[in-house]
Amino acid sequence: MQPSRTAHTLLWVAYALVGGLHLTAMFAQVEGLQRVTQSLLAPLLIGVVLTAVPHLTRTSRLLLIGLLCAWCGDFFSQIAPEQVETISALFFLGALVAYSCALAPLWRRNRDPMRIALAIPYGGVVIGLFVACADGAGPMLPLVAAYAVALAVTAFLSAGGNGLTWSGGTLFLLSSSLLAMTWFLPGAAILYSTVWVMVTYIIGQALLVAGLLRALPQRRWATAPAGAALVIVES
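A. Quick peek at the packing of aromatic side chains. For the coordinates displayed, the defined rule picks out 9 aromatic pairs. Taking 5.9 Å as the distance between ring centres and 25° as the angle between the ring planes, the aromatic pair formed by Phe76 and Phe91 counts as stacked. Residue Phe76 is found in helix H3 (residues 58–79), and its partner Phe91 is found in helix H4 (residues 84–110); the two are separated by 15 residues along the sequence. According to the relative accessible area criterion, Phe76 is partly exposed, its value standing at 32%. Given the relative accessible area of 29%, Phe91 is considered partly exposed. Ring centres of Phe92 and Tyr201 lie 5.7 Å apart, and the angle between their planes is 80°; this geometry places the pair in the edge-to-face category.

Here's what the structure looks like:
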């Protein structure tokens, strides 16, 4: 196995281990370990991307921007817990915009009518959730509205990519919906809601990254074919 592929595989394994450790820390209520492991999730996925792509393309750059925004949301919300809702919404809004821009060309090329039809209800889910949470959002209402629109767009575009992006976008939608209900919907009682938020976030973002990487035409470890060949390279 080539060094880049070995590093890529090890980073995926590390991501799974750190994600599992984070969930264990949540159950055990070890706050210090939760903060450390949550802050490691996005950097590990950044490493996954960098070890997979031979050179940066539009899609990979947008993917890295999205992951950087996700890391900022995870990290800075822990530094200022009194502003966790605002910080998380701002940075993850940036992440969703970057993911949507990365998914759009893939959606145009590979859109599957069945997946798109199944994704249409996402808009209804987001609208219903926004209406339910509007009163609890208070002064954050404009930001929550912008986040809701970006979330619906990302989930819809992910459905037109491939099975991995579709699954990842759906779980990302579920994670954000559960979090919004926890923050802005008084009286909402979901058992282990914070744990489910992180389970769907950890798996969803990983699937979204894996799906976008699968759509890229080249890998660092791909061997060049013998003789002349036509290679399509994304600019």
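After that view of the structure, there is still more to cover.
B. Looking closely at the layout of surface pockets. Space inside the largest pocket adds up to approximately 1,000 Å³. Val84, Ser88, Leu179, Trp183 and Val197 are, among the 36 residues lining the largest pocket, the residues nearest its centre. Contributions of two or more residues to the lining of the largest pocket are made by helix H1 (3–28), helix H2 (31–52), H3, H4, helix H6 (121–137), helix H7 (141–159), helix H8 (163–184) and helix H9 (193–215). With 9 residues, the single largest contributor to the lining of the largest pocket is H8. In the lining of the largest pocket, the residues fall into 21 nonpolar, 12 polar and 3 charged.

C. Highlighting the packing of H4 against H8. Two elements in contact, H4 and H8, have axes whose closest approach is 13 Å; the angle formed by their N-to-C orientations is 160°. Between H4 and H8, the interaxial angle falls into the category roughly antiparallel. Here H4 runs over H8; the crossing is left-handed. Counting all contacts with H4, which are made through Val84, Glu85, Ser88, Phe92, Leu96, Tyr99, Leu103 and Leu106, the residues of H8 involved are Thr165, Phe172, Trp183 and Phe184.

D. Looking closely at the packing of H3 against H4. Contact geometry of H3 with H4 gives a least axis separation of 8 Å together with a crossing angle of 170°. With respect to H4, the element H3 is oriented roughly antiparallel. When the residues that make up the contact of H3 with H4 are grouped by side-chain class, the tally is 18 nonpolar, 6 polar and 2 charged.

E. Here's a closer look at the environment of Pro217. With respect to the helices, strands and loops of the structure, Pro217 is situated in the segment after H9. Residue Pro217 is classed as partly exposed on the basis of its relative accessible area, which comes to 45%. Expressed as a C-alpha distance, the spacing of Pro217 and Pro105, which sit 112 residues apart in the sequence, is 13 Å.

F. Just the nonpolar core, in detail. Grouped together as the largest cluster of nonpolar side chains are 62 residues, with contacts concentrated most on Leu63, Tyr99, Phe172, Tyr201, Val209 and Leu213. Sort the elements by how many residues they give to this core and H4 lands first, with 11 residues. Excluding residues within four positions of it along the chain, Tyr201 makes contact with Leu41, Ala70, Asp74, Phe92, Phe172 and Ser175.

About the thresholds
- All chains use their own residue numbering, which begins from 1 and follows the written sequence.
- Only residues with pLDDT of 70 or above have their local features reported here, since the model is predicted, and side-chain atom pairs are shown and tallied only from 80 upward, although totals for entire chains, interfaces and linings are computed over all residues.
- The side-chain values count all of the structure's non-hydrogen atoms but skip hydrogen atoms and water molecules.
- Any pair of Phe, Tyr and Trp rings, taking the six-membered ring for Trp, is counted once the centres come within 6.5 Å. Such a pair is stacked with planes under 30 degrees apart, edge-to-face with planes over 60 apart, and tilted for the rest.
- Helical segments are the DSSP runs of H or I of at least four residues, strand segments are the runs of E of at least two, and each set is numbered from the N terminus.
- Buried residues are those whose accessible area, probed at 1.4 Å on protein chains only, stays under 20% of the maximum for their type, while exposed residues exceed 50% and partly exposed ones sit between those limits.
- Whether a set of points on the 1 Å grid over the protein atoms alone is a cavity depends on a 1.4 Å probe fitting there but being unable to get out, while an open set qualifies as a pocket with protein on both sides within 12 Å along at least five of seven lines; lining residues are those with an atom within 4 Å of a point.
- Grid points are joined across faces, edges and corners, and a volume is the space filled by probe spheres set on the points.
- Under the grouping applied here, Gly and all other residues not named as nonpolar or charged are polar, the nonpolar ones being Ala, Val, Leu, Ile, Met, Phe, Trp, Tyr, Cys and Pro and the charged ones Asp, Glu, Lys and Arg.
- In this analysis, axes come from line fits to C-alpha atoms, helices being fitted only over the stretch in contact, and the angle between any two N-to-C directions falls in the range 0 to 180 degrees.
- Roughly parallel here means an angle under 35 degrees, roughly antiparallel means over 145, roughly perpendicular means 65 to 115, and every remaining angle is called oblique.
- Crossing handedness is read from the near helix: turned anticlockwise from the far helix by less than a right angle, it gives a left-handed crossing, and turned clockwise, a right-handed one.
- Any pair of residues with heavy atoms lying within 4.5 Å of one another is described as a contacting pair.
- Put simply, a nonpolar core is a bunch of buried Ala, Val, Leu, Ile, Met, Phe, Trp, Tyr and Cys residues held in one set by side-chain atoms that sit within 4.5 Å of each other.

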